[in-house]
Amino acid sequence: MWRRSDRVRRALLAGGALVFVAVFSFAAFKVIPRAWRSLVVWQGIRLNRMAWEAGYRERGLPVPERGPREGYWGARLPKHLEDPVLGWVLPAVHIPELLEVDAQGMQHGPAPHTPGTRILILGASVALGAYASTIENTYFFRLARQLETKDRPVAITVLATGAWKSEQELKALEEKGLATQPQVVVFLDGLNDLTNGSNAHVRFGVETKTLDGSNWTKLYNEHDYPERVRLYLENMHAARDLLRARGIAVVIALQPALFEKRTRSALEDQLEKATLVALGSEEDLRASYEQIRRGLAGLAADGGVQFVDCSRVADGEEKTVFTDVWHFSDVGHQMLAVHLAAQLAPVLP
């Protein structure tokens, strides 16, 4: 049971689903008997798994037996390493075909057949490639393959850790990312800044006093969305200035989100409703994403940044794509890779 609790803690830190476990945000959860808490966790994993498998079954595809490459809710990931600057980072992981993370917490795309543009991708669990079935089915592997077919070979490095916010990504760029000597830096993010941490200025997992006097949980959210948007855009401005001063191209890709998918499946509707227990209204999330979208478009208009809106890559798809508000199975990874490739190919140096 307490091994299970450790797995849940690691999974949440890895950006795992909020499904049903969103009830953790209620003060009463801490007085619910332990057996009932386990049932809630089990129900969350069950719905998460149903949605992931539906991404294949609804399309007549075989369901990969091993599940997501990192396991449901990050079960295959070892405990994250504490870091004095970044808070936490991925440890080195080697699981053939599934996970290859080096000692710096980085992943790498396929080696190009000819020398290619060096791309560094920063972000959290989505940028990490969560919930793909294998390494080769991650969006970043598929992105490299897509660009290669367009005669734009690239060498991709991914520096991403679950539950990071843009403040941590910016520090990761300075602490580790610049040493990779990228020619292009891509931030694939946006959603964690709205959903993680008690408020805009607090990292995930940092306990705070709640505004309503309820017991704090890791999913507690003050719904201070205007300030979260402001701080995210401030961090993206800082990233633009830092990289432009070094002659490095900057791409900011607003990540896909379930609440931006207008034609949801029945399972996706369940996922959305369960998640909103902690996050508030869908309207607030959409409005906040729209403010981010406009802010990034304005930043791009100022120069030095290419804005790629990936938030709606699954819009119009009636079958299940998402497994929670952030993550998606192989079909979503393919959609994201195709969209990114189309936007990046014309501007790569």
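See above for the structure.
The notes below deal with the structure included here. Bear in mind that the values here come from a model prediction, so they are computed numbers and not experimental data. (Residues numbered from 1 in each chain as written. Predicted model: local features only at pLDDT ≥ 70, side-chain atom pairs only at ≥ 80, totals over all residues. Heavy atoms only, no water.)

### As for the overall build of the protein chain
- The number of helices and strands found in the protein chain is 10 helices and 10 strands.
- Across the 349 residues that make up the protein chain, the buried fraction comes to 58%.
- Considering only contacts within the protein chain whose residues lie at least 6 apart along the sequence, 77% involve residues at least 24 apart.
- Accessible area of the protein chain: about 14,300 Å², with a carbon and sulfur share of 53%. (Helix = DSSP H or I, 4+ residues; strand = E, 2+ residues; numbered from the N terminus. Buried < 20%, exposed > 50% of the residue type's maximum accessible area, 1.4 Å probe, protein only. Contact = heavy atoms within 4.5 Å. Areas by Shrake-Rupley, 256 points an atom, 1.4 Å probe, with all protein chains shown as cover.)

### Describing the environment of Thr320
- Among the structural elements, Thr320 can be located in the loop between strand 10 (306-309) and helix 10 (330-344).
- For the pair Thr320 and Trp52, spaced 268 residues apart in the sequence, the C-alpha separation amounts to 8.1 Å.
- Look past the residues within four positions of Thr320 in its chain and what remains in contact with it is Ala51, Ala54, Gly55, Glu58, Arg59, Ser265, Leu267, Glu268 and Val331.
- A distance of 2.7 Å separates the side chain of Thr320 from the side chain of Ser265, its partner in a polar contact. (Polar contact = N/O pair within 3.5 Å; in protein donor to acceptor, adjacent residues only side chain to side chain.)

### Digging into the packing of helix 5 (residues 166-175) against helix 7 (residues 225-244)
- For the pair helix 5 and helix 7, interaxial distance at closest approach is 9 Å and the crossing angle is 15 degrees. The orientation of helix 5 relative to helix 7 falls into the category roughly parallel. In the packing of helix 5 onto helix 7, the handedness of the crossing is left-handed. In this structure, helix 5 contributes Ser166, Glu167, Leu170, Leu173 and Glu174 to the contact, and helix 7 contributes Tyr232, Asn235, Met236, Ala238, Ala239, Leu242 and Leu243.
- A class-by-class count of the residues in the contact of helix 5 with helix 7 yields eight nonpolar, two polar and two charged. (Axes fitted to C-alpha atoms, helices over the stretch in contact; angles between N-to-C directions. Parallel < 35°, antiparallel > 145°, perpendicular 65-115°, else oblique. Left-handed = near helix turned anticlockwise from the far one by under 90°. Nonpolar A, V, L, I, M, F, W, Y, C, P; charged D, E, K, R; others polar.)

### Focus on the pattern of salt bridges
- A complete count under the given rule lists 21 salt bridges for this structure.
- Of the charged contacts in the structure, one is a salt bridge between Glu282 and Arg264, with a shortest N-O distance of 3.1 Å. With Glu282 in helix 9 (residues 282-302) and Arg264 in the loop between strand 9 (249-254) and helix 8 (266-279), the pair connects residues that are 18 residues apart, well separated along the chain.
- Note on Arg264: relative accessible area 22%, which makes it partly exposed.
- For the salt bridge of Arg286 with Glu282, the shortest nitrogen-to-oxygen distance reads 3.1 Å. Here Glu282 and Arg286 lie together in helix 9, a separation of four residues that amounts to about one turn.
- Accessibility expressed as a relative area gives 22% for Arg286, which makes it partly exposed. (Salt bridge = Lys/Arg side-chain N within 4 Å of Asp/Glu carboxyl O.)

### Describing the packing of helix 7 against helix 9
- For the pair helix 7 and helix 9, interaxial distance at closest approach is 10 Å and the crossing angle is 25 degrees. Classified by the interaxial angle, the pair formed by helix 7 and helix 9 is roughly parallel. The handedness of the crossing between helix 7 and helix 9 comes out as right-handed. Mapping the contact onto sequence places Tyr225, Val229, Tyr232, Leu233, Met236, His237, Arg240 and Arg244 in helix 7 and Asp284, Leu285, Ser288, Gln291, Ile292, Gly295, Leu296, Leu299 and Asp302 in helix 9.
- When grouped by side-chain class, the residues that make up the contact of helix 7 with helix 9 number nine nonpolar, four polar and four charged.

### Describing unusual backbone geometry
- Located in the positive-phi region is Glu97, a residue other than glycine, with phi close to 75 degrees.
- Judged by relative accessible area, which is 53%, Glu97 ranks as exposed.
- Located in the positive-phi region is Asp151, a residue other than glycine, with phi close to 60 degrees.
- On the secondary structure map, Asp151 appears in the loop between helix 4 (139-149) and strand 7 (154-160).
- Overall, the relative accessible area of 65% leaves Asp151 in the exposed class.

### Remarks on the packing of aromatic side chains
- Within the structure shown, the criterion is met by seven aromatic pairs.
- Residues Phe259 and Tyr289 carry aromatic rings whose centres are separated by 5.1 Å and whose planes lie at 75 degrees to one another, so their mutual orientation is edge-to-face. In this pair, Phe259 is assigned in the loop between strand 9 and helix 8 and Tyr289 in helix 9, connecting sequence segments 30 residues apart.
- A relative accessible area of 1% places Phe259 in the buried class.
- Residue Tyr289 is classed as buried on the basis of its relative accessible area, which comes to 0%. (Phe/Tyr/Trp six-rings, centres within 6.5 Å; stacked < 30°, edge-to-face > 60°.)

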